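# Coordinate analysis (summary)
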Amino acid sequence: RREERGERREERERARMENNQKEESSNTAAVEEEPFDKWIQETLNPSSTASSCLSLSQSYFTTLSTTTTTQQQQQEKKVARLLSKLSTPLTTTSSCHTKAFALLNGALKGLVSTETTSSLSCDVVQLIGNFLIPHIGPLDDDVPEEEEVRDAATYCLLSLLSLPPSSSQSEEEKEVLLRFKLSQNGVQRRCALDEGTEDDEELGGLSSLSRLRRSTCFTLLHTTLVTLQPLLLLLSSLEMTETTKTQMQSFASLTTLCLHNETDPRCLLQLLQLFSTLQNTLAPYLPHNFPHEELFDAMAPYYPIQFTPPPNDVHGITQNILHNVYMDCLTWPNERMRELSVEMVLDRLRPLEKKKSYYDEDDDDDEEEEEMLEKDKKWK
């Protein structure tokens, strides 16, 4: 009996100490929230700009130490707290919208620029992603300067997906699925047209975006692939669920659509590099479902690459550079890609008289075509 009474006393003492620790931690968190909330209010003062908000927020989060698990948890709480405090600015003017997103973007950039390059848990990434996605798409009519607000939300999503995945082994596949889904939804929402505008294509609004905005969408897709590469190396295609594989296939198909009707050489080079990364990253995990034909259909109209840099070109893009990257994608080691590529090359080499279906009937008497046919006969 004495032993039982002693054990009960010890249990009561442990319970009392745990309760005291919980109360102390909650009091400490409340004390920490007060100066942080005050910092948010001061940063979002009426005289501040989006640029100053981003710079101050990035500096603040860069200085946070994350060497221990407890410090990382406190960092996540600050990010979540910041997210909850941004709901009020988003109900006012568009300048408050852009400043609020700049504050969040600075926080995410600050996490990337820390010495240890902090990561966020999968749940916090999902929380922030779900907050951003609606603001990337078409907004209500009462929001002025809508495009600037959508740009600011897109840049936030790009910074979020630039963060390395969490180190939790139990959430590896969950994180892969989430990041591919956020990236795809972000591009779809940025390319979405206003309500009432009819367009049957999935990325119908992509061609209407400026070159810089299109480039941001391509960077979003490429960043997602590069960031997830180390995590994918830890996973086997046999271990992945069908849901994850389906999402990866959908992501790949959407990426191939981005090349259609692209004419700017800078975006063209960016997309070809994106296609190369897409093949190397996802094709090994989708041996039977990777969209090789969709990728080939997007690339075929550009063969052969014909590009002459304009005078005084400052971008350094040449026909040789475009050709090399293009051929890297076209000759990627896959049986289906080889079949399609050989068929396309042979089609280009066929005599012109066998390809009359490519010309209109009214062009039969064209002098230039007749001259080329005569040369072809001499070669025969």
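## Notes on the overall build of the chain
- Each helix and strand counted, the chain has 14 helices and zero strands in total.
- The helix and strand sequence of the chain, counted from the amino end, reads α-α-α-α-α-α-α-α-α-α-α-α-α-α.
- Split into buried and exposed, the 380 residues of the chain put 43% on the buried side.
- For the chain, the proportion of contacts with a sequence separation of at least 24, taken over those separated by at least 6, is 73%.
- As presented, the chain carries roughly 21,900 Å² of accessible surface, and 48% of it is formed by carbon and sulfur atoms.

## Brief notes about the environment of Leu163
- Looking at where Leu163 falls in the secondary structure, it is placed in the loop between α6 (146-162) and α7 (172-191).
- Residues Leu163 and Thr227 lie 64 residues apart in sequence; the distance between their C-alpha atoms is 7.5 Å.

## Quick notes on the pattern of salt bridges
- The final tally for this structure, using the stated rule, is twelve salt bridges.
- Of the charged contacts in the structure, one is a salt bridge between Lys174 and Asp123, with a shortest N-O distance of 3.2 Å. Residue Lys174 is found in helix α7, and its partner Asp123 is found in helix α5 (residues 122-136); the two are separated by 51 residues along the sequence.
- Using a relative accessible area of 39% as the deciding quantity, one classes Lys174 as partly exposed.
- Take Asp123: its relative accessible area is 45%, and that puts it in the partly exposed class.
- For Glu262, the salt bridge identified is with Arg214, shortest N-O distance 2.9 Å.

## Things to note about the confidence of the model for the chain
- On average, residues of the chain score 81 in pLDDT, and 78% of them reach the 70 mark or higher.
- Segment residues 24-31 is flagged for pLDDT under 50; beyond a separation of four residues in sequence, or across chains, it makes zero contacts in the model.
- Confidence drops under pLDDT 50 across residues 355-365; counting only partners more than four residues distant or on other chains, this segment forms ten contacts.

## A word on helix α13 (residues 335-349)
- For α13, built from 15 residues, the straight-helix expectation of 21 Å at 1.5 Å per residue is met to within 8% by its first-to-last C-alpha distance of 21 Å.
- Among all positions of α13, only Met337, Leu340, Ser341, Met344 and Asp347 are buried. Summarising the axial view, the buried residues of α13 lie within an arc of 125°, below the 170-degree limit, and thus occupy one face. What points out from α13, more than 90 degrees from its buried face, is the exposed set Glu335, Glu343 and Leu349.
- The inward-facing, buried residues of α13 contact α10 (265-282), α11 (292-299) and α12 (319-330).
- The backbone nitrogen of Arg336 has a side-chain oxygen 3.0 Å away, supplied by the residue at the start of α13, namely Asn334.

## So, a negative patch on the surface
- Residues Glu3, Glu7, Glu10 and Glu11 make up a contiguous surface patch of negative charge.
- Classification of Glu3 as exposed rests on a relative accessible area of 66%.

## Brief notes about empty space enclosed by the protein
- Throughout the structure, instances matching the rule amount to one cavity of 30 Å³ or more.
- In this structure, the largest cavity spans a volume of roughly 40 Å³.
- Lining of the largest cavity is provided by Asp151, Thr154, Tyr155, Arg190, Arg213 and Thr216.
- Breaking the lining of the largest cavity down by element, the ones donating at least two residues are α6 and α8 (211-233).

## Details of the nonpolar core
- Of all hydrophobic cores here, the largest spans 94 residues; its most connected members are Leu82, Leu104, Leu120, Ile128, Leu157, Leu282 and Met299.
- Element by element, the count of residues in this core is highest for α10, at nine residues.

## Points about the packing of α8 against helix α9 (residues 242-257)
- Between α8 and α9, the least distance of the axes is 12 Å, while the angle of their chain directions is 150°. With respect to α9, the element α8 is oriented roughly antiparallel. When you trace α8 past α9, the crossing you get is left-handed. Two secondary-structure elements touch here, α8 through Leu221, Thr224, Leu225 and Leu232 and α9 through Met248, Phe251, Leu254 and Thr255.
- Residue composition of the contact of α8 with α9, by class: six nonpolar, two polar and no charged.

## Structural notes on the packing of aromatic side chains
- What the rule picks out here adds up to eight aromatic pairs.
- Centroid distance Tyr60 to Phe61: 5.4 Å. Interplanar angle 70°. Geometry classified as edge-to-face.
- The exposure class assigned to Tyr60 is partly exposed, which follows from its relative accessible area of 23%.
- Following the ring pairs from residue to residue traces out a cluster consisting of Phe36, Trp39, Tyr60 and Phe61.

Criteria and thresholds
- Residues numbered from 1 in each chain as written.
- Predicted model: local features only at pLDDT ≥ 70, side-chain atom pairs only at ≥ 80, totals over all residues.
- Heavy atoms only, no water.
- Helix = DSSP H or I, 4+ residues; strand = E, 2+ residues; numbered from the N terminus.
- Buried < 20%, exposed > 50% of the residue type's maximum accessible area, 1.4 Å probe, protein only.
- Contact = heavy atoms within 4.5 Å.
- Areas by Shrake-Rupley, 256 points an atom, 1.4 Å probe, with all protein chains shown as cover.
- Salt bridge = Lys/Arg side-chain N within 4 Å of Asp/Glu carboxyl O.
- pLDDT = per-residue confidence, 0-100.
- Expected span 1.5 Å × (residues − 1).
- Arc of directions from axis to C-beta.
- Polar contact = N/O pair within 3.5 Å; in protein donor to acceptor, adjacent residues only side chain to side chain.
- Patch = residues over 30% accessible without salt bridge, like charges linked within 9 Å, V, L, I, M, F, W, Y side chains within 5 Å.
- Lys, Arg positive; Asp, Glu negative; His and termini not counted.
- Charge placed at Lys NZ, Arg CZ, Asp CG, Glu CD.
- 1 Å grid on protein atoms, 1.4 Å probe; cavity = no way out; pocket = protein on both sides within 12 Å on 5 of 7 lines; lining within 4 Å.
- Points joined across faces, edges and corners; volume = space filled by probe spheres on them.
- Core = buried A, V, L, I, M, F, W, Y, C linked by side-chain atoms within 4.5 Å.
- Axes fitted to C-alpha atoms, helices over the stretch in contact; angles between N-to-C directions.
- Parallel < 35°, antiparallel > 145°, perpendicular 65-115°, else oblique.
- Left-handed = near helix turned anticlockwise from the far one by under 90°.
- Nonpolar A, V, L, I, M, F, W, Y, C, P; charged D, E, K, R; others polar.
- Phe/Tyr/Trp six-rings, centres within 6.5 Å; stacked < 30°, edge-to-face > 60°.

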